[in-house]
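# Analysis of the macromolecular model
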Amino acid sequence: MADKKNNPAEVKDTGHVWDGIRELDNPCPRWWLNSLWLSGVVVVVYFILYPSLPLINGSTKGLLGWTQINEYKEALAEVEVIRAPFEDALAAMSVEEILADQKMLNYAIGSSKVLFGDNCAACHGTGGAPAQNAGYPNLTDDDWLYGGDINEIEMSIAKGRAGTMPAHSKLLNATEVDQLVKFVVNSSNGTATEAGKALYAAKGCFACHGADAKGVKMMGSANLTDRIWRFSGTEEEVRYTILHGVNDGSDSKTRVAVMPAWSEKRAVILELTAEAIEDDEDPSEIDWDDELEGDESERLTEIEIKKLAVYVHQFGGGQ
Ligand code: HEC
Ligand code: HEC
């Protein structure tokens, strides 16, 4: 085929000439024209099938009834179908049982990352390690105020925690404060003196921190003999704790250390179940409707508490 485009002499022109360059009047290529008509058809079909034309309230709905939110809901429903058997199983399992079941454990850990990020990381840091001296305990070491057993961790989360140590500014004289600061700092590196130990005992510190100064889980009193500090190990900070205490409402400078409760309901269930077992009774006979009536608040569901407990437990410090 003789290509007319290549022979300007035979092609009509538009009559436009710039600097000796003529503008020819070639027809558009067929493939190009076809694509143009086709795209017009696609637009019309799209308008009919999908929401498109804006109206005063909303827009035309389209024959397919498609919406973005429906698509999202369908995707979510698919995920729920996969999750449902796991969630049902978790509801019936104790945290100990979850730990012993690798498949459930993987599921619980996988679905806790977001939970932890949303609810816990603000204080405890991403991954359970808070900024230094932020005043929140590190959950990734094996130093636990309230115990690193899986049940103790679950209880910490469900019930919340707030250790209290009285301010000692009015109970001790300046020399005694100095000596106790020394005693605490020395204890952390194994050089506590007999005189220090005697004063520690005489001033009643042992009642909460224990005769060996290693802390008592029931009270969440810190271990004073390790190098892991709840607050800080400098003499200045230790002095501050001794003078102003922790969560002591009568001292306006007291240290504040409050772990919020996430499910009082779960805490009551755990407490009553443990009590029943201790008394040789069958926990399945407890009348929960009666025990839990009305007042038990839940910021996280029982299943979420269990998931978080195993999640925290696997941070590395769980016992
Ligand atoms: C508002 C800050 C805050 C938030 C949010 C928070 N915690 Fe805590 N958490 C604390 C404080 C403070 C303590 C220490 C309480 C004390 O010193 O008596 C603590 C203690 C704990 C303990 C006990 C640690 C030990 O050494 O025994 C665990 C476990 C824990 N938190 C887990 C969680 C989980 C899981 C979440 C999220 C559901 C969470 N925390 C959310 C502040 C917080
Ligand atoms: C009524 C119980 C109680 C008594 C009495 C008590 N403490 Fe405490 N103490 C606590 C608790 C609970 C904590 C931890 C608070 C927390 O982490 O939430 C604590 C924390 C501390 C800390 C901070 C440790 C760290 O790792 O940062 C020091 C230091 C301390 N106590 C020293 C003393 C000394 C010295 C005495 C005696 C004069 C004493 N305590 C008496 C309950 C007590």
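Residues numbered from 1 in each chain as written. Chains lettered and ligands numbered in written order. Predicted model: local features only at pLDDT ≥ 70, side-chain atom pairs only at ≥ 80, totals over all residues. Heavy atoms only, no water.

This paragraph deals with the packing of helix α2 (residues 68-92) against helix α4 (residues 102-110). Between two packed helices, both the angle of their axes relative to each other and the distance between the axes serve to describe the pair. Two elements in contact, α2 and α4, have axes whose closest approach is 11 Å; the angle formed by their N-to-C orientations is 105 degrees. What the angle tells us is that α2 and α4 run roughly perpendicular. Between α2 and α4, the contacting residues are R83, F86, E87, A89 and L90 on the first element and K103, M104 and Y107 on the second. When its residues are assigned to classes, the contact of α2 with α4 shows 5 nonpolar, no polar and 3 charged. (Axes fitted to C-alpha atoms, helices over the stretch in contact; angles between N-to-C directions. Helix = DSSP H or I, 4+ residues; strand = E, 2+ residues; numbered from the N terminus. Parallel < 35°, antiparallel > 145°, perpendicular 65-115°, else oblique. Contact = heavy atoms within 4.5 Å. Nonpolar A, V, L, I, M, F, W, Y, C, P; charged D, E, K, R; others polar.)

Our focus in this paragraph is the domain arrangement of the chain. Once the domains are mapped, the chain shows domain 1 (1-66), domain 2 (77-161 + 261-313) and domain 3 (174-244). Here the C-alpha centroids of domain 1 and domain 2 sit 63 Å apart. (Domains from an automatic or database assignment.)

Turning our attention to the layout of surface pockets. Its volume calculated, the second largest pocket comes out at about 670 Å³. As for the second largest pocket, its lining consists of 23 residues, of which N151, M155, L270, E271 and A274 are closest to the centre. Elements that contribute at least two residues to the lining of the second largest pocket include exactly α3 (95-100), α7 (150-159) and α12 (264-278). For the lining of the second largest pocket, the leading source of residues is α12, giving 10 residues. When grouped by side-chain class, the residues that make up the lining of the second largest pocket number 8 nonpolar, 3 polar and 12 charged. (1 Å grid on protein atoms, 1.4 Å probe; cavity = no way out; pocket = protein on both sides within 12 Å on 5 of 7 lines; lining within 4 Å. Points joined across faces, edges and corners; volume = space filled by probe spheres on them.)

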